[in-house]
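Single-letter residue listing:
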Amino acid sequence: MKLIIRLFIILVTTGVLVQPVAQRQMESLDRGLVAVSTGGGKVFLSWRLMGNDPDDIAFNIYRGTTKVNQSPVTGATNLVDNSGSTSAKYSIRPIIDGIERQAEKEVPVWGSNCLTINLQRPSNIYAPNDINVSDLDGDGEYELVVKYEPNNTKDNSQSGTVDKVYLHAYKLDGTCMWKIDLGINIRGGAHYTQHQVFDYDGDGFAEVACKTAPGTKDGTGSFLKLGPAANDNDNADYRNGSGYILSGPEYLTVFDGRTGKELATVNYQPQRGAVTKAEWGDDYGNRVDRFNSTTAWLDGKRPSMIFQRGYYYRLTCAAWDWRDGKLTQRWFIDSRKTSGYGSMNDQGNHSIMAADADGDGKDEIFFGSSALNDDGKIFWVNGNGHGDANHIGDMDPSRPGLELWLVREGATANSYGAYMADAKTGNLIWGNRVSSDTDVGRGLAADIDGSKQGYEAWSSSIGGTYDAKGNRISSNAGSINFRVYWDGDLQDELLDNNKIDKWNGNGTSNLVTLNGNSCNGTKATPNLSADILGDWREEVILHDGAAKLYLYTTTITTTHRLYTLMHDPTYRCGIASEQSSYNQPPHLGFFLGAGVDKAPKPDIHLTGYEPTVRAKNRSLQKSAFTPPAQDRNVLANQVFTIPGSTTGTTSLAVYDLSGKLIKTATVSKRTIALRELNIAEGIFIVRVHSQKRLHP
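Just so it is clear, the structure is predicted and the values come from calculations on it, not from any experiment.

Draft legend 1. Local environment of the overall build of the protein. Of regular secondary structure, the protein possesses three helices and 50 strands. Within the span of the protein, comprising 696 residues, buried residues form 60% of the whole. Counting only contacts in the protein whose residues sit at least 6 apart along the sequence, the fraction spanning at least 24 positions is 62%. Element-wise, carbon and sulfur atoms account for 46% of the exposed surface of the protein, whose accessible area totals about 24,500 Å².

Draft legend 2. Representation of the sheet that holds strand 24 (residues 326-334) in the model. Pairing in this open sheet of four strands is antiparallel, and the strands run 21-22-23-24 from one edge to the other. The open sheet has two edge strands with one neighbour each: strand 21 (291-296) and strand 24. For this sheet the average axis-to-axis angle between neighbouring strands, irrespective of direction, equals 20°. The pairing of strand 22 (residues 304-309) with strand 23 (residues 316-323) spans five bridges and is antiparallel. Opposite Gln308, over in strand 23, you have Cys317 as the bridge partner.

Draft legend 3. Up close: the environment of Val162. Within the secondary structure, Val162 sits in the loop between strand 14 (143-150) and strand 15 (166-170). With relative accessibility at 5%, the residue Val162 sits in the buried group. Remark: the alpha-carbon pair of Val162 and Pro150, spanning 12 residues in sequence, is separated by 7.4 Å.

Draft legend 4. Region of the structure containing the pattern of salt bridges. What the rule picks out here adds up to 40 salt bridges. Among the ionic pairs, Asp155 bridges to Arg290, the shortest N-O distance being 3.5 Å. Of the two residues, Asp155 is situated in the loop between strand 14 and strand 15 and Arg290 in the loop between helix 1 (277-280) and strand 21; the sequence distance between them amounts to 135 residues. Its relative accessible area of 23% is what places Asp155 among the partly exposed residues. Among the ionic pairs, Lys164 bridges to Asp181, the shortest N-O distance being 2.8 Å. Taken as a pair, Lys164 in the loop between strand 14 and strand 15 and Asp181 in strand 16 (residues 176-181) lie far apart in primary sequence, 17 residues in all. Judged by relative accessible area, Asp181 falls into the buried class, the value being 12%. Members of the salt-bridge network, linked through shared partners, are Lys211, Glu250, Arg272, Asp289 and Arg309.

Draft legend 5. Region of interest: the packing of aromatic side chains. The full count for this structure, using the stated rule, is 14 aromatic pairs. Taking the centre distance of 5.4 Å and the plane angle of 55° together, the rings of Tyr311 and Tyr312 count as tilted. Given the relative accessible area of 15%, Tyr312 is considered buried. For the ring pair Tyr563 and Phe590, a centre distance of 6.4 Å and an interplane angle of 55° mean the geometry is tilted. A residue pair is termed long-range when its members are at least 10 positions apart, and Tyr563 in the loop between strand 43 (548-552) and helix 2 (569-577) and Phe590 in the loop between helix 2 and strand 44 (604-606) qualify at 27 residues. Tyr563 sits in the buried class, given a relative accessible area of 8%. Judged by relative accessible area, which is 7%, Phe590 ranks as buried. Feature note: the residues Phe198, Tyr200 and Trp297 constitute an aromatic cluster, connected by ring pairs. Sitting over the face of the ring of Trp536, Arg537 holds its NZ or CZ atom 5.8 Å from the ring centroid.

Draft legend 6. Layout of the confidence of the model for the protein. Averaged over every residue, the pLDDT of the protein is 89; the share at 70 or more is 85%. In the model, residues 609-637 has pLDDT below 50 throughout and makes 64 contacts with residues more than four positions away in sequence or in other chains. The model gives residues 690-696 a pLDDT under 50, and that stretch makes 27 contacts with residues more than four places away or in other chains.

Draft legend 7. Quick peek at unusual backbone geometry. Here the amide bond leading from Gln269 into Pro270 is cis, since omega sits at 0°, within 30 degrees of zero. Notably, Asp346 is not glycine yet its phi reads approximately 60°, a positive angle. Within the fold, Asp346 resides in the loop between strand 24 and strand 25 (348-355).

Draft legend 8. Structural context of helix 2. Of all nine residues that make up helix 2, nine are buried, and the element is covered over most of its length. Within helix 2 the residues assigned to the buried category are Pro569, Thr570, Tyr571, Arg572, Cys573, Gly574, Ile575, Ala576 and Ser577. The inward-facing, buried residues of helix 2 abut strand 3 (24-26), strand 13 (126-134), strand 17 (196-198), strand 21, strand 25 and strand 41 (528-530).

Draft legend 9. Structural view of the sheet that holds strand 39 (residues 499-503). Read across the open sheet, the four strands follow the order 37-38-39-40; overall the sheet is antiparallel. Only two strands of the sheet have a single neighbouring strand rather than two, namely strand 37 (482-484) and strand 40 (508-513). Pairwise comparison of adjacent strand axes, ignoring direction, gives a mean angle of 35° for this sheet. As defined by bridge partners, strand 38 (residues 493-496) adjoins strand 39 across three bridges and the pair is classed as antiparallel. The partner of Leu494 across the bridge, within strand 39, is Asp501.

Draft legend 10. Examining the side chain of Asn69 more closely. Mapped onto the secondary structure, Asn69 falls in the loop between strand 7 (66-67) and strand 8 (78-81). Here the side chain of Asn69 touches Phe59 through a polar contact of 3.5 Å, landing on its backbone oxygen. Those residues in contact with Asn69 that sit more than four places away from it in its chain are Phe59, Asn60, Ile61 and Leu79.

Draft legend 11. Quick peek at the pairing of strand 9 (residues 89-96). Buried residues dominate strand 9, accounting for six of its eight residues. Examined bridge by bridge, strand 6 (residues 58-63) and strand 9 share six bridges and lie antiparallel to one another. By the bridge assignment, Ala58 is partnered in strand 9 with Ile95. Examined bridge by bridge, strand 9 and strand 11 (residues 107-110) share two bridges and lie antiparallel to one another. Paired with Tyr90 across the two strands is Val107, which belongs to strand 11. Direction of pairing for strand 9 relative to strand 10 (residues 99-100): antiparallel, over a ladder of two bridges.

Draft legend 12. Representation of the environment of Tyr341 within the structure. Secondary-structure assignment places Tyr341 in the loop between strand 24 and strand 25. The buried category is assigned to Tyr341, whose relative accessible area is 11%. With 25 residues separating them in the primary sequence, Tyr341 and Thr316 have C-alpha atoms 9.7 Å apart. Not counting residues up to four positions away in its chain, the partners in contact with Tyr341 are Ile333, Asp334, Ser335, Leu372, Gly376, Lys377 and Ile378.

Draft legend 13. Region of the structure containing the side chain of Arg187. For Arg187, the location among the structural elements is in the loop between strand 16 and strand 17. As a buried residue without a salt bridge, Arg187 has its nearest oppositely charged side chain in Asp289, at a separation of 7.0 Å. One polar contact links the side chain of Arg187 to the main-chain carbonyl oxygen of Gly160, over a distance of 2.8 Å. Reaching out from Arg187, the side chain makes a polar contact with the side chain of Tyr192 at a distance of 2.7 Å.

Cut-off values and rules
- Residues numbered from 1 in each chain as written.
- Predicted model: local features only at pLDDT ≥ 70, side-chain atom pairs only at ≥ 80, totals over all residues.
- Heavy atoms only, no water.
- Helix = DSSP H or I, 4+ residues; strand = E, 2+ residues; numbered from the N terminus.
- Buried < 20%, exposed > 50% of the residue type's maximum accessible area, 1.4 Å probe, protein only.
- Contact = heavy atoms within 4.5 Å.
- Areas by Shrake-Rupley, 256 points an atom, 1.4 Å probe, with all protein chains shown as cover.
- Pairing = 2+ DSSP bridges.
- Axes fitted to C-alpha atoms, helices over the stretch in contact; angles between N-to-C directions.
- Salt bridge = Lys/Arg side-chain N within 4 Å of Asp/Glu carboxyl O.
- Phe/Tyr/Trp six-rings, centres within 6.5 Å; stacked < 30°, edge-to-face > 60°.
- Lys NZ or Arg CZ within 6 Å of the ring centre and 35° of its normal.
- pLDDT = per-residue confidence, 0-100.
- Polar contact = N/O pair within 3.5 Å; in protein donor to acceptor, adjacent residues only side chain to side chain.
- Lys, Arg positive; Asp, Glu negative; His and termini not counted.

In structure tokens:
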């Protein structure tokens, strides 16, 4: 169980102001401190600024017990320790309202900017593929949920029997937390298994959700046994002679992020039904098993799971909520069978995105040439048909709202092969016409040129690079797969395969070539690129083709101070979408090139504690405040009773009023004296975790 307890040890502020509850529930992370040796006794240090941190928060960095910085760090959250040591351990202490808070755990020094993570692959026919991230065990660190694809994986258009697909969870030190075997009735391929990983119920621990079937084993090694899976035949083999799976039950399962244990299983929506041209557009299994998924804040407060099936001929989508131990459907639409949605037929891409395009604090779902509002009603359909790549962000800051960059697989002669559209209306802003029927396979939009306002965009169909207004600025173009923040400026770099390139105004120059392999063939995408550690620059994960991951972080200093990208809702949705089908890079919901001072403060609260309480002034003194009755005994006796079971251990996490973790402890008794926690005077929030499942 979980209980939020306000411990008024000494009230040290005068005239407190309680802010209203922030909207979006976001992950509560630690500072993500990373220390990297850069040679010559120098150690590069980088850490997170949170989206809800006070504007005046500062930091001290310690090498052991020695403070590294001469004065508090108030700028960018990185520095170089010129007197560093590879054998040292470093920690960080936030300074809030002039008071230095307790340090988080110490971190060792990496020997290089690459962390090698050793895996336990299922067998020698497997390599790690797409990765999704979240905090599975509530320790404030990101864990990795790795999808393993066999070497005989198939595209939906290809026949052939495929070996099983697996999901494994790993901590960054290589500890394997659990293994899920999806079984022989889930086919391997880029379009089949799209896994979502997020803390959907706000208990501090992420859940994992994906499509399952008879024969799936959860992280405890047990076959699924809840809901419709209770009486199925787990020995059944539903693969036909061509290797397709066109019959048998289909499920959606939610797993516990800590153990991989099955929490809930329901029938997948929609069921495939009859695989015929009339139902799905073909009769051999190509279009029926095209899946995408993402996470979105449909009510503007708590995240929901979005699972899409089909986009060529018939587009369906279901939104699910995981709340209070129950999986419930928020809404479901079917372009062929839900009245009023026929205009969405054939209007989806090989990817899915979510963002708030109308400014109401709730996310819309973007499929390509169509979009749904947060309530599942049609947002817009522009009729431009199926395509491959999606991008969404504030591409043209001179226009209100967000823009889309879309490419079309079925572009006909003299039509737009790639185009920029208004995300609120779907209306075309400008585009590139193709001279003949063309399959435009890829297109990228990113702010690569700081001399131009807004993003630049280009595609595989038209030579050259264009600014946000559609003006051709160069006859050359960079790579076309991914973007990444790597160096110290506010522009995007280009990530393709294992190379990171920098736009030089009329082409690109290589910044760094990383060790390791990309994924998904010619798409050449990373296992994952996301802001996993350190400051706001992104990490890149590649693999060795067997049983290792290579997690790279930058060691280039920056002067720009920005909160973690993971606390920007559009970006966080982009990370949830990244593993879907033809992987697309995430983008921010604001134009970073305008300067970090223009970055909007995200309207978020973090899981595990209540909204920030801040003083109206900076003077600190004892107050005549009388705590509520339920807190007086705590104040007087400095002892409180831990609720819950009298057996087993209980974990305590103590947060200050900015919501930052300052102390953890494990106890095996019902009462504890506050002095045993060895925390300074102040007002604190304590989260109590017993061995039972948490409840709000």
